Amino acid sequence: MNDPTGFPMDDYPAGPATIRGNLTTSSIALLIVAAAAPLGVVVGAAPVAFMLGNGPGLVGAFLLSGLVVLCFAVGYSALIRDLPGAGAFFNYLSVVFGRRVGTGSALVALASYLMLSTALAVGGGYFVDLVLGSMNVHIGWKLLSLCFVLAVAILGRSNVDLAARFLVPLVLAEFGIILLLAISIVSHKGLAAFPYEGIAPAFVFTKGFGFAVVTGLSSFIGIESAALYVLEARDPGKAIPRATLGAVIVIGIAYLIAIWAIVGDIGARSIQALATKEQGELVINVFRRNTGEAVADLTAVMLCSSIFACYLALHNAATRYVFTLAEHGTLPRALAVVHPERRSPSRASLLVTVCVALTVGLPILCNVDAYSVLYPVSTALGTVGIITLQAGVAIATVIHFRRKRDPRMWVSFVYPAIGTLGLLAAAWLITDNYHILTNSHSVLVNGTPLVLVALFFYGILTPGSK
């Protein structure tokens with residue numbers, strides 16, 4: 001039996017235990033955009049990439065990254081239409097490579113989202129503390145990080161429609177402030193706001209290119225999460241593929257315009273040195289010069305809201321992996337119980353909250369500087385996990401459609417193959433630059449990806465994988 005979208009109804013659990021939502025294409029796209037945190041990338045990640053990457057060539061690195069992700073998204077969207085059902089990576093990799101591989105991949109995805117959520121909880125508290133400190137209000141980032149965890153816990157246990165409505169103004173405000181910056185720079189610089197050096201091969205393919213590409217591809221993390229909302233989408237057959245492609249295009253254009261305009265404002269020859277000098281203040285100072293002090297201060301506040309929106313979106317993604325793994329017996333089935341009124345995976349959400357609270361709280365109790373140690377390590381670990389899984393799904397897309405002898409050569413083979421090669425190269429680059437991402441030379445710290453390997457093989461061997 002099929003629903004009106006063409007998705008077999010048997011692929012969805014029936015009865016009172018089913019999670020429910022009313023997400024539209026635009027709602028799902030906003031959840032994806034929130035997970036990517038465009039303002040956080042432009043203000044927080046770009047200065048580091050300018051400094052440690054290829055300087056003005058970061059524009060070209062982001063352009064190439066966006067094209068790779070778009071190729072992946074085209075094939076991924078086709079796979080979503082062809083393989084209905086909940087679970088995202090779990091579902092697609094289970095169908096193509098078997099349930100054991102799907103379970104191992106789902107555990108890796110869950111761990112990666114938990115690590116990224118931990119990083120955002122810590123980073124959110126840190127940046128809020130900086131903003132409040134500029135107003136002579138001193139609370140401390142540790143308490144503020146725990147406040148982030150609590151606020152996300154409350155929204156995460158609610159129906160996803162509430163979270164989507166909460167994120168709408170935050171995400172739109174992010175795009176608004178990024179657009180305002182670009183318009184202001186263009187009004188001051190004209191076409192010089194987009195210098196050729198940003199995409200010139202001599203500037204793009206130079207020292208630091210690998211780190212720049214890693215930054216670019218990691219800035220799209222979250223675009224794969226649309227498929228996690230199959231059970232909560234109004235029209236999953238249409239909404240999820242459209243939301244995925246739409247979000248990738250919108251995010252990619254926003255990144256490209258903003259970063260290119262920043263290079264144009266500072267100057268291609270000066271940006272790497274200035275980024276090294278000003279670091280985290282680089283883009284805020286660009287706002288200050290072009291839009292005024294008030295907008296610059298507002299941007300600093302909105303950076304905090306961007307981090308919160310991203311944290312909430314990734315919390316929801318992690319929650320749905322817990323729910324899926326519990327439904328299939330890899331995790332205790334009690335975690336798949338749905339809240340009777342909210343129709344949300346509330347128990348799964350609670351587990352995610354507890355895990356993040358522990359990974360944030362224990363280092364604090366042990367007097368470990370969670371921001372300088374836990375933040376970079378958890379970010380790096382989550383990034384390598386998600387990008388490696390994206391590469392695995394890109395491979396699965398090619399294999400699935402070749403098995404079916406699908407006649408759509410570009411959609412079913414060429415684009416997914418380009419995405420596969422790009423993402424595999426990215427996985428290698430991340431591994432090669434892992435010590436830079438973690439900001440550590442410790443063998444123990446830089447060996448943390450082995451945790452993901454262990455989880456993958458545990459998933460393959462666990463009884464719930466059969």
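None of the values given here were measured: they were computed from a predicted structure.

Moving on: the overall build of the protein chain. Of regular secondary structure, the protein chain possesses 19 helices and 0 strands. Its C-alpha radius of gyration of 21 Å places the protein chain within 12% of the 23 Å reference for a compact globule of 466 residues. When its C-alpha atoms are laid out on the principal axes, the protein chain stretches across 60 × 55 × 45 Å. With 466 residues in all, the protein chain has 58% of them scored as buried. Considering only residue pairs separated by 6 or more positions, the protein chain has 81% of its internal contacts joining residues 24 or more positions apart. Summed over all atoms, the accessible surface of the protein chain reaches about 18,400 Å², with 68% contributed by carbon and sulfur. When the 27 positive and 21 negative side-chain charges of the protein chain are each reduced to one mean point, those points stand 7 Å apart.

Tracing the backbone through its elements, the reader meets Asn433 in the loop between helix 16 (409–432) and helix 17 (434–438). Beyond its immediate sequence surroundings of up to four residues, Asn433 is in contact with Gly210 and Phe211.

Membership of the largest hydrophobic core comes to 157 residues, with the highest contact counts inside it found for Ile28, Phe50, Tyr76, Ile262 and Tyr321. A total of 20 residues in this core trace back to one element, the largest contributor, which is helix 13 (residues 293–327). In this view, Ile28 contacts Leu23, Ala226, Ala233, Ala239, Ile240 and Ala243; residues no more than four positions away in its chain are not counted.

Next up on the list: the environment of Gly246. The residue Gly246 is located in helix 10 (residues 236–266) in this model. Measuring from C-alpha to C-alpha, the distance between Gly246 and Val48 comes to 27 Å, with 198 residues separating the pair along the chain.

Next up on the list: helix 16. For an α-helix the count is 3.6 residues per turn, leaving residues at separations of three or four pointing the same way. Here helix 16 contains 24 residues, and its C-alpha end-to-end distance of 33 Å stays within 8% of the 34 Å for a straight helix at 1.5 Å per residue. Along helix 16, the helix axis deviates most sharply at Pro416, where the bend reaches about 25°.

This part is about the side chain of Ser117. By the element assignment, Ser117 lies in helix 5 (residues 99–133). In this structure the side chain of Ser117 is engaged in a polar contact, spanning 2.8 Å, whose partner is the backbone oxygen of Tyr113. The contacts of Ser117, once residues within four sequence positions are left out, are Tyr311, Leu314, His315 and Val356.

Before going further, it helps to spend a moment on the confidence of the model for the protein chain. With 94% of its residues at a pLDDT of 70 or more, the protein chain shows a mean pLDDT of 86. A low-confidence stretch, residues 1–16 stays under pLDDT 50, and its non-local contacts, those more than four residues away or across chains, total 30 contacts.

On inspection of all chains with the given rule, the structure shows 4 salt bridges. With a closest N to O distance of 2.9 Å, Asp265 and Arg289 form a salt bridge. Here Asp265 is found in helix 10, whereas its partner Arg289 is found in helix 12 (residues 282–291), with 24 residues between them in sequence. Exposure remark for Arg289: the relative accessible area of 45% places this residue in the partly exposed category. Among the ionic pairs, Asp406 bridges to Arg408, the shortest N-O distance being 3.0 Å. Taking relative accessible area as the criterion, Asp406 reaches 10% and is therefore assigned buried.

Generally, phi is negative for residues other than glycine and the peptide bonds are trans, each holding for most cases. Residues other than glycine seldom take positive phi values, yet Ala37 does so here, at roughly 50°. A positive phi angle, near 65°, is found at Asn136, a position not held by glycine.

Here the focus is the packing of aromatic side chains. Under the definition given, this model contains 11 aromatic pairs. Following the ring pairs from residue to residue traces out a cluster consisting of Phe62, Phe220 and Tyr255.

This part takes up helix 5. Look at helix 5: 50 Å from first C-alpha to last across 35 residues, which is about the 51 Å you get at 1.5 Å a residue. Most of helix 5 is tucked away, with 28 of its 35 residues classed as buried.

In this section: the packing of helix 10 against helix 12. Running from amino to carboxyl end, helix 10 crosses helix 12 at an angle of 70°, the nearest separation of the two axes being 11 Å. Between helix 10 and helix 12, the angle is such that the two are roughly perpendicular. Contacts from Ile262, Asp265 and Ile266 in helix 10 reach Leu282, Val283, Val286, Arg289 and Asn290 in helix 12.

Before going further, it helps to spend a moment on a nonpolar patch on the surface. On the surface, Leu63, Leu64, Leu67, Tyr196, Ile199 and Phe205 cluster together into a nonpolar patch covering about 570 Å² of accessible area. Counting through the fold element by element, Ile199 comes out in the loop between helix 7 (160–189) and helix 8 (201–204). You can call Ile199 partly exposed: its relative accessible area is 33%.

Turning next to the packing of helix 5 against helix 14 (residues 346–365). At their nearest, the axes of helix 5 and helix 14 sit 9 Å apart, and the two run at 55° to each other. Regarding the angle of helix 5 to helix 14, the classification is oblique. The hand of the helix 5/helix 14 crossing is right-handed. Where helix 5 abuts helix 14, its residues Leu114, Met115, Ser117, Thr118, Ala121 and Val122 lie against Val352, Cys355, Val356, Thr359 and Val360.

Examined against the element boundaries, Asn91 turns out to sit in helix 4 (residues 89–97). On the basis of relative accessibility, which here comes to 12%, the residue Asn91 falls in the buried class. Considering only alpha carbons, one finds Asn91 and Gly102, 11 residues apart in sequence, at a separation of 6.6 Å. When residues no more than four places from it in sequence are discounted, the contact partners of Asn91 are Leu83, Pro84, Gly85 and Ala86. A distance of 3.2 Å separates a polar atom in the side chain of Asn91 from the backbone oxygen of Leu83.

The rules behind each value
Residues numbered from 1 in each chain as written. Predicted model: local features only at pLDDT ≥ 70, side-chain atom pairs only at ≥ 80, totals over all residues. Heavy atoms only, no water. Helix = DSSP H or I, 4+ residues; strand = E, 2+ residues; numbered from the N terminus. Rg over C-alpha atoms; globule rule 2.2 N^0.38 Å. Buried < 20%, exposed > 50% of the residue type's maximum accessible area, 1.4 Å probe, protein only. Contact = heavy atoms within 4.5 Å. Areas by Shrake-Rupley, 256 points an atom, 1.4 Å probe, with all protein chains shown as cover. Lys, Arg positive; Asp, Glu negative; His and termini not counted. Charge placed at Lys NZ, Arg CZ, Asp CG, Glu CD. Core = buried A, V, L, I, M, F, W, Y, C linked by side-chain atoms within 4.5 Å. Expected span 1.5 Å × (residues − 1). Bend = angle between axes of the 7 residues up to and from the residue. Polar contact = N/O pair within 3.5 Å; in protein donor to acceptor, adjacent residues only side chain to side chain. pLDDT = per-residue confidence, 0-100. Salt bridge = Lys/Arg side-chain N within 4 Å of Asp/Glu carboxyl O. Phe/Tyr/Trp six-rings, centres within 6.5 Å; stacked < 30°, edge-to-face > 60°. Axes fitted to C-alpha atoms, helices over the stretch in contact; angles between N-to-C directions. Parallel < 35°, antiparallel > 145°, perpendicular 65-115°, else oblique. Patch = residues over 30% accessible without salt bridge, like charges linked within 9 Å, V, L, I, M, F, W, Y side chains within 5 Å. Left-handed = near helix turned anticlockwise from the far one by under 90°.

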